[in-house]
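# Structural overview
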Amino acid sequence: MANAFPKKPASPTHAVPVRYTEKTPTTQAYIPEIIKGIGVSMSHFLRNTKEMLTGQRPDPVTESLDIGITTLQYPEQKRPYPQRFRGLHRLTAREDGSPRCVACLCCSTACPAQCIFIEAGEYPEGDKRRGYERFPVKFVIDELRCIFCGYCVEACPCDAIRMDTGKHPVPYDSRDQFIYTKNMLMGVTGRDGTRETRNPRHEPGDPGHPGIDRLHSH
Ligand code: SF4
Ligand code: SF4
């Protein structure tokens, strides 16, 4: 029968000859290779054990990759995430503790996973922010649907939502527990332990306030 899948001629530029191990009784028995494999495993095991006992275990990210040992004793040991790691969301706060979020819905509009829900509300009568900006009565993120793309952070004009917590959602056992409410998001701190942001914010009424309000419009 004609060969249905004839071999292509070897490319003169990319062909790499494959060297097959000669089949001998020693190689067919696999015993020498099994012994070599156990030797490699044992050397890693003994080195790991020695480093753990003597407290010399190197940083798992920066050092152990060279020697091929990447196993961590999680959760006692945690891999240090890079500075730009996009972790659990948080809502940043103003000095008075209120959310910086003005419920503009930019983040929920930008979110490709549609996992942000915001219900906007007006500040009460007498509050200088009334009529100038709104606040989130409800702000909910479904962290299970989130794909951690960071678009919400990029879209926010107020630096009100961040993913700089350095944390990831803990493994819960029900979907409900991945629904993060406004209070939960406000309670999470950044890596530096603060709830504010370093970006300056001018409040309505500030002498240096560059924006508009009801009294100072365009
Ligand atoms: S990180 Fe991406 S998917 Fe997650 S809430 Fe933000 S925009 Fe949506
Ligand atoms: S977090 Fe930012 S983008 Fe989202 S609604 Fe609040 S102010 Fe707008």
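Being a predicted model, the structure only gives us computed values, none of them experimental. (Residues numbered from 1 in each chain as written. Chains lettered and ligands numbered in written order. Predicted model: local features only at pLDDT ≥ 70, side-chain atom pairs only at ≥ 80, totals over all residues.)

## Side note on the overall build of the chain
For the record, the criterion: Strands are runs of DSSP state E lasting at least two residues, helices are runs of H or I lasting at least four, and both sets are numbered from the N terminus onward. Each residue gets a C-beta atom placed from its backbone, and two residues are in contact if those atoms lie within 7 Å.
Along its length, the chain carries six helices and five strands. Going from the N terminus to the C terminus, the chain shows its helices and strands as α-α-α-β-α-β-β-α-β-β-α. Contacts spanning at least 24 positions in sequence make up 67% of the contacts within the chain whose residues lie at least 6 apart.

## Structural notes on the site of ligand 1
For the record, the criterion: Each residue receives a C-beta atom placed from its backbone. It is near a molecule or strand if this atom lies within 6 Å of it. Here the nonpolar group is Ala, Val, Leu, Ile, Met, Phe, Trp, Tyr, Cys and Pro; Asp, Glu, Lys and Arg are the charged ones; every other residue, Gly included, is treated as polar.
Within the structure, ligand 1 sits among 14 residues, and Cys111, Cys146, Cys149, Tyr151 and Cys152 are positioned closest to it. Among the residues making up the shell around ligand 1, the classes are represented as 13 nonpolar, one polar and no charged.

## Description of the site of ligand 2
Taken together, 13 residues form the shell around ligand 2, and within it Cys101, Cys104, Cys106, Cys107 and Cys156 come nearest. Broken down by class, the residue content of the shell around ligand 2 amounts to 13 nonpolar, no polar and no charged.

## A few points about helix H2 (residues 31–54)
Each α-helix winds once per 3.6 residues, and so residues spaced three or four apart point in a common direction. Applied cut-off: By definition here, a helix of n residues has an expected span of 1.5 Å times n minus one. Exposure in this text rests on C-beta crowding, where 20 or more other C-beta atoms within 10 Å of a residue's own make it buried, 12 or fewer make it exposed, and counts in between make it partly exposed. The C-beta atoms are placed from the backbone.
Taking 1.5 Å as the rise per residue, H2 with 24 residues should run 34 Å; its terminal C-alpha atoms sit 34 Å apart, in good agreement. In terms of residue burial, H2 counts as a barely covered element, since only zero of its 24 residues are buried.

## Examining the nonpolar core
What counts is decided by this rule: The nonpolar core is taken to be a set of buried Ala, Val, Leu, Ile, Met, Phe, Trp, Tyr and Cys residues joined by way of C-beta atoms within 7 Å.
Among the nonpolar cores identified, the biggest contains 15 residues, and Leu91, Cys101 and Ile161 are the most heavily contacted of them. Mapped by element, the contributors of at least two residues to this core are strand E2 (116–122) and strand E3 (134–142). Once residues within four sequence positions are removed from consideration, Ile161 is found in contact with His89, Leu91, Cys101, Cys107, Cys152, Val153 and Cys156.

## Details of the sheet that holds E3
What links the strands of a sheet is backbone hydrogen bonding, and the strands pair in either a parallel or an antiparallel sense. To be explicit about the condition: The pairing criterion is simple: DSSP has to find at least two bridges between the two strands.
Strand order across the open sheet formed by three strands is E2-E3-E5, with antiparallel pairing between neighbours. In this open sheet, the two edge strands, each paired with only one partner strand, are E2 and strand E5 (179–180). As paired strands, E2 and E3 are joined by seven bridges and run antiparallel to one another. The residue of E3 that forms the bridge with Ile116 is Ile141.

## Quick look at the pairing of E3
Note: E3 against E5, two bridges, orientation antiparallel. Within the sheet, the bridge partner assigned to Ile141 lies in E5 and is Tyr180.

## What to know about the environment of Ala113
When you line up the elements, Ala113 lands in the loop between helix H4 (106–110) and E2. The spatial distance from the C-alpha of Ala113 to the C-alpha of Cys146 is 6.0 Å, given a sequence separation of 33 residues. Residues in contact with Ala113, not counting those within four places in the same chain, are Arg145, Cys146 and Ile147.

## Let's talk about unusual backbone geometry
For residues that are not glycine, phi is negative in most cases, and the peptide bond is trans in most cases. Backbone geometry at Tyr30 places phi at a positive 65 degrees, although glycine is not the residue there. In this structure, Tyr30 sits in the loop between helix H1 (25–29) and H2. With a phi angle near 50 degrees, Gln114 is a residue other than glycine that sits in the positive phi range. Following the sequence through the fold, Gln114 ends up in the loop between H4 and E2. For Gln114, a count of 10 C-beta atoms within 10 Å gives the class exposed.

Honestly, it's all geometry; don't read function into it.
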